[in-house]
Amino acid sequence: MKHIDTDVVVIGSGVAGLSAAYRLRQADREVVVLEARDRVGGRVKSDLSNGFLIEVGGQWIAPDQERLLNLIEELGLEKYPRYREGDDLYVNGQGQLVRHATELPPLAEETLGEIERLIDALEELSQEVDPLEPWSHPRAEELDAVSFGGWLESQTPNAEAIDFVSPFVAGGMLTKPAAHFSLLAALVMAASAGGFRDLADLDLVLNERVLGGMHRVPERLAQEIGAERIHLETDVRSVAVDGDSVRVEADGLSVRAREVIVALGPHLVSRIEFTPPLPPKKQQMFQHFSMGNVIKVHAFYDAPFWRKQGLSGTTYGPSEIVHETYDNTAPDYPGGTLVGFVSDRQADAMYALGENERRQAILGSISSYFGAEALEPAFYYESDWINEEYTRGAYGTSFSIGAITRYAELVRSSVGPIHFACSDIAGLGYTHIDGAIRMGERAAALAVSAAGVGPSRS
Ligand SMILES: Cc1cc2nc3c(=O)[nH]c(=O)nc-3n(C[C@H](O)[C@H](O)[C@H](O)COP(=O)(O)OP(=O)(O)OC[C@H]3O[C@@H](n4cnc5c(N)ncnc54)[C@H](O)[C@@H]3O)c2cc1C
């Protein structure tokens, strides 16, 4: 077995792990990154299939995601805005298509009133919640005991208003049915993005993209860290604290360090054997995180035909298989690209189909917004995060009902020399790339300030 001595060992080369390693190198600490996959980036990944560049994972940047914005600038990368000229489309529960230039579609006056009332109530509650310490809200237990779906139903009998508001958090963010997470979890999601109104504002959440693809962020970080410090195809099996050092073992490789940063999805931490075991409550906490699931679909066309019709490409249909689409055409692509999302129960239903039937059903749903032209893309691509052993779903994990008030105080706590980093344990930027950077930088600072990790020996 090969052996390496270093200052800090980082497990996982997603944006959190790479941000940690990058800042540690800047602080002149020696670092080794161990990554199970054959590539860096984790949930930020691009695929070049048939000459089409596909951003399979994280891609959009919101204006308040300042750590991500700063890092993009620091790494010398450029951004561009999402295409959003023209009218949006909405498909209601009866399958009727409505075109609109206003922020909300022209629904019945009573429904619009109920939507506004729900949004106001959620905005007010989300402003009361500190995303870093949601358990400190005076009514935290109560907010964590009721499901988001149950709370919405308790607020209005208007099913269309509920169906309209629910996906802003459920299908659209946590990618779970609204009955599967608490109202407090929904408020944390909103508070982490600046409040419920900001979360529901597409012009903020889906504002910009990185020129050439978001994967350039992890690639550039890896370049700065140095390829010789990053070990791919190295699935970490065990972490043992031994006196004042830590021994991390993967197949064929053993690393001894002063500190370790565990930078993986919290639902995957239990794959690693810890000696001594992590504190019982922390172990249980990891079991209360579960992944949502969403299929991200790209359809590439010879031309952005919707633009000629004065359409933005932005659609919303809470009951549709594809509940939202956007114009995802990159500046250097001569045709037009639509990206769509199939979330939670609709994703379950799609995975029950064969590949061809699934493609037909998904394109059929996209055509319910854009008509028959959408049925024949030049190239079609579905993400498949659920079948990736080192992710197991998308976009991220969230706590089960009641678990925030029971466990979340432990979510970022270190265990001796073991520190944790991942977007899924972030306060600000929770389940987003910005949160991954925040958590990576925080873990690096903790490792640097920990006793015994002085400047690099080299
Ligand atoms: C389809 C999709 C769309 C998204 N869209 C957006 C978006 O538009 N904007 C946005 O901000 N965010 C978006 N996100 C979320 C964002 O991509 C993630 O929050 C972020 O990339 C997570 O980074 P991370 O480093 O915390 O975790 P990960 O990226 O999950 O990194 C964890 C790493 O650990 C590795 N690993 C796991 N187990 C082991 C082990 N035992 N040994 C060694 N290595 C291991 C994994 O292979 C992985 O590389 C999206 C995510 C998905 C999936």
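Residues numbered from 1 in each chain as written. Predicted model: local features only at pLDDT ≥ 70, side-chain atom pairs only at ≥ 80, totals over all residues. Heavy atoms only, no water.

Draft legend 1. Structural context of the pairing of strand E20 (residues 336–343). Among the eight residues that make up E20, eight are buried, leaving the element largely enclosed by the rest of the structure. Residues Gly-336, Leu-338, Gly-340 and Val-342 line one face of E20 and the alternating positions Thr-337, Val-339, Phe-341 and Ser-343 line the opposite face, and both faces are buried. With eight bridges joining them, strand E17 (residues 294–301) and E20 adopt antiparallel strand pairing. Bridged to Val-297 within E20 is Gly-340. Two strands pair when backbone bridges link them, and strand E19 (residues 324–327) and E20 are joined in this way by four bridges, in the antiparallel orientation. When the bridges of E20 are listed, Tyr-326 appears paired with Val-339. (Buried < 20%, exposed > 50% of the residue type's maximum accessible area, 1.4 Å probe, protein only. Helix = DSSP H or I, 4+ residues; strand = E, 2+ residues; numbered from the N terminus. Pairing = 2+ DSSP bridges.)

Draft legend 2. Quick peek at the environment of Val-415. By the secondary structure assignment, Val-415 is in the loop between helix H16 (403–407) and strand E23 (418–420). For the pair formed by Val-415 and Ser-136, sequence separation is 279 residues and the distance between their alpha carbons is 22 Å. Those residues within four positions of Val-415 in sequence are excluded, and the remaining contacts are Leu-278, Pro-279, Lys-282 and Phe-420. (Contact = heavy atoms within 4.5 Å.)

Draft legend 3. A look at the pairing of strand E2 (residues 8–11). Burial of the side chains of E2 extends over both faces: Val-8 and Val-10 are buried on one face and Val-9 and Ile-11 on the other. Here E2 pairs with strand E3 (residues 31–34) via four bridges, running parallel. Along E3, the bridge assignment pairs Val-8 with Val-31. Note on the crossover from E2 through helix H1 (residues 15–26) to E3: the handedness is right-handed. Both E2 and strand E14 (residues 259–262) contribute to a ladder of four bridges, which runs parallel. Bridge assignment links Val-9 to a residue of E14, and that residue is Val-260. (Right-handed = clockwise from strand over helix to strand, strands pointing away.)

Draft legend 4. Quick peek at the site of the ligand. Taken together, the neighbourhood of the ligand is formed by 35 residues, with Glu-35, Arg-37, Arg-43, Trp-60 and Ser-423 sitting nearest. In this structure, Val-236 approaches the ligand through a main-chain N or O atom, which is 3.0 Å from a nitrogen atom. Note that a nitrogen atom of the ligand is positioned 3.4 Å from one of the side-chain N or O atoms of Arg-271. Coverage of the ligand by the protein chains reaches 98% of its 1000 Å² of free accessible surface. When residues of the shell around the ligand are traced back to their parent elements, those giving at least two are H1 and helix H17 (433–449). Taken together, the residues of the shell around the ligand break down into 18 nonpolar, twelve polar and five charged. (Near = heavy atom within 4 Å. Polar contact = N/O pair within 3.5 Å; in protein donor to acceptor, adjacent residues only side chain to side chain. Areas by Shrake-Rupley, 256 points an atom, 1.4 Å probe, with all protein chains shown as cover. Nonpolar A, V, L, I, M, F, W, Y, C, P; charged D, E, K, R; others polar.)

Draft legend 5. Structural context of the sheet that holds E2. Within the open sheet, the five strands sit side by side as E10-E3-E2-E14-E23. Their pairing is parallel. Two strands in the sheet have a free side with no partner beyond their single neighbour: strand E10 (230–231) and E23. Relative to E10, E3 is paired through two bridges, and the arrangement is parallel. What sits directly across from Val-33, in E10, is Ile-230. Lying over the sheet, H17 contacts E2, E14 and E23, oriented at roughly 160 degrees with respect to E23. (Axes fitted to C-alpha atoms, helices over the stretch in contact; angles between N-to-C directions.)

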